[in-house]
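A closer look at the structure
So the chains spell out like this:
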Amino acid sequence: MMRARRGFTLWEMTIVFAIMAVTALIVAPQWMRLGDAPAAATGQPILDALRDARRLAITAHQVVALRIDPASGRYRVDTSGVSGTGLYVEGSLELGALESMESDRPRVQYIFRPTGATYGDTVIVRSANGSVLIAVDPWSGVATSYAR
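Not measured: the values here are computed from a predicted model.

**Some words on the sheet that holds strand E4 (residues 100-102)**
Here we have four strands laid out as an open sheet, ordered E4-E7-E8-E9, and antiparallel in their pairing. Of all strands in the sheet, those with a lone pairing partner are E4 and strand E9 (143-147), marking the two edges. When strand polarity is set aside, the average angle formed by the axes of neighbouring strands in this sheet is 30 degrees. Both strand E7 (residues 123-127) and strand E8 (residues 130-136) contribute to a ladder of five bridges, which runs antiparallel. Across the sheet, residue Val123 finds its bridge partner in E8, namely Ile134.

Printed below as a string of structure tokens:
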């Protein structure tokens, strides 16, 4: 008559501990970086809108005007080309909860040429982390943020 076993063998315990050790080696570095996710850059939605407007001007071979209301965050993109002029898109920029735009103008405006070159205003974006100045290079049309 065989007796029922009441525990685990040394071999079974060793295998379980080996699996747990390998799992811990894989997961532990990720746990250490759990709260270190980089925060979104201040003013990133504005930089994205400027990049998209420039890309539209180049790919569609049209003049693209981007206008932003700093007080409300509302924007409007208009195009002008051989086929005419008209509204392309409008909406609101989703800034962070503690971010705000400032400008000495009631509306900031950026005009992108089909070559990518632009004429544009500057805008300051203030946040809890500080403030940045967003400007566009007139020759290349590339938008850049500068810490202030």
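Past the structure itself, the notes keep going.
**What to know about the pairing of E9**
Pairing of E8 with E9 involves five bridges; the strand directions are antiparallel. Bridged to Ala135 within E9 is Thr144. Counted along the chain from E8 to the antiparallel partner E9, the turn is six residues long, and its residue Gly141 has a positive phi close to 80 degrees.

**Quick notes on the nonpolar core**
The biggest cluster of nonpolar side chains holds 22 residues, and the ones touching the most others in it are Ile46, Leu50, Leu66, Ile68, Tyr110 and Ile134. Of all elements in the fold, only helix H2 (44-60), strand E1 (63-68), strand E2 (74-81), strand E5 (108-112), E7 and E8 reach the threshold of two or more residues within this core. The element that contributes the greatest number of residues to this core is H2, accounting for seven residues. Apart from residues lying up to four places away in sequence, Leu66 is in contact with Ala49, Leu50, Ala53, Tyr75, Arg76, Val77, Val108, Gln109 and Tyr110.

**Focus on the sheet that holds E5**
One open sheet holds the five strands; their spatial order is E3-E2-E1-E5-E6, and the pairing between them is antiparallel. With one partner strand each, in any of the chains shown, strand E3 (84-92) and strand E6 (118-120) form the two edges of the open sheet. Averaged over all adjacent pairs, the angle separating strand axes in this sheet is 15 degrees, with direction ignored. With eight bridges joining them, E2 and E3 adopt antiparallel strand pairing. Each bridged residue has a counterpart across the sheet, and for Tyr75 the counterpart in E3 is Gly91. Lying on the sheet, H2 is in contact with E1, E2, E3 and E5; it crosses E1 at an angle near 160 degrees.

**A closer look at the environment of Ser140**
Relative to the helices and strands, Ser140 resides in the loop between E8 and E9. Put simply, Ser140 and Ala117 are 23 residues apart on the chain and 5.0 Å apart in space, counted from C-alpha to C-alpha. Apart from the residues within four sequence positions on either side, Ser140 is in contact with Arg54, Gly116 and Ala117. Only 2.7 Å separates the side chain of Ser140 from the side chain of Asp137, close enough to count as a polar contact. One polar contact links the side chain of Ser140 to the main-chain amide nitrogen of Val142, over a distance of 3.3 Å.

**Thoughts on the pairing of E8**
Across the seven residues that make up E8, a large majority, five, are buried. Where E7 hands over to E8, the hairpin turn is made up of two residues, counted between the paired strands.

Reading guide: rules and limits
Residues numbered from 1 in each chain as written. Predicted model: local features only at pLDDT ≥ 70, side-chain atom pairs only at ≥ 80, totals over all residues. Heavy atoms only, no water. Pairing = 2+ DSSP bridges. Helix = DSSP H or I, 4+ residues; strand = E, 2+ residues; numbered from the N terminus. Axes fitted to C-alpha atoms, helices over the stretch in contact; angles between N-to-C directions. Core = buried A, V, L, I, M, F, W, Y, C linked by side-chain atoms within 4.5 Å. Buried < 20%, exposed > 50% of the residue type's maximum accessible area, 1.4 Å probe, protein only. Contact = heavy atoms within 4.5 Å. Polar contact = N/O pair within 3.5 Å; in protein donor to acceptor, adjacent residues only side chain to side chain.

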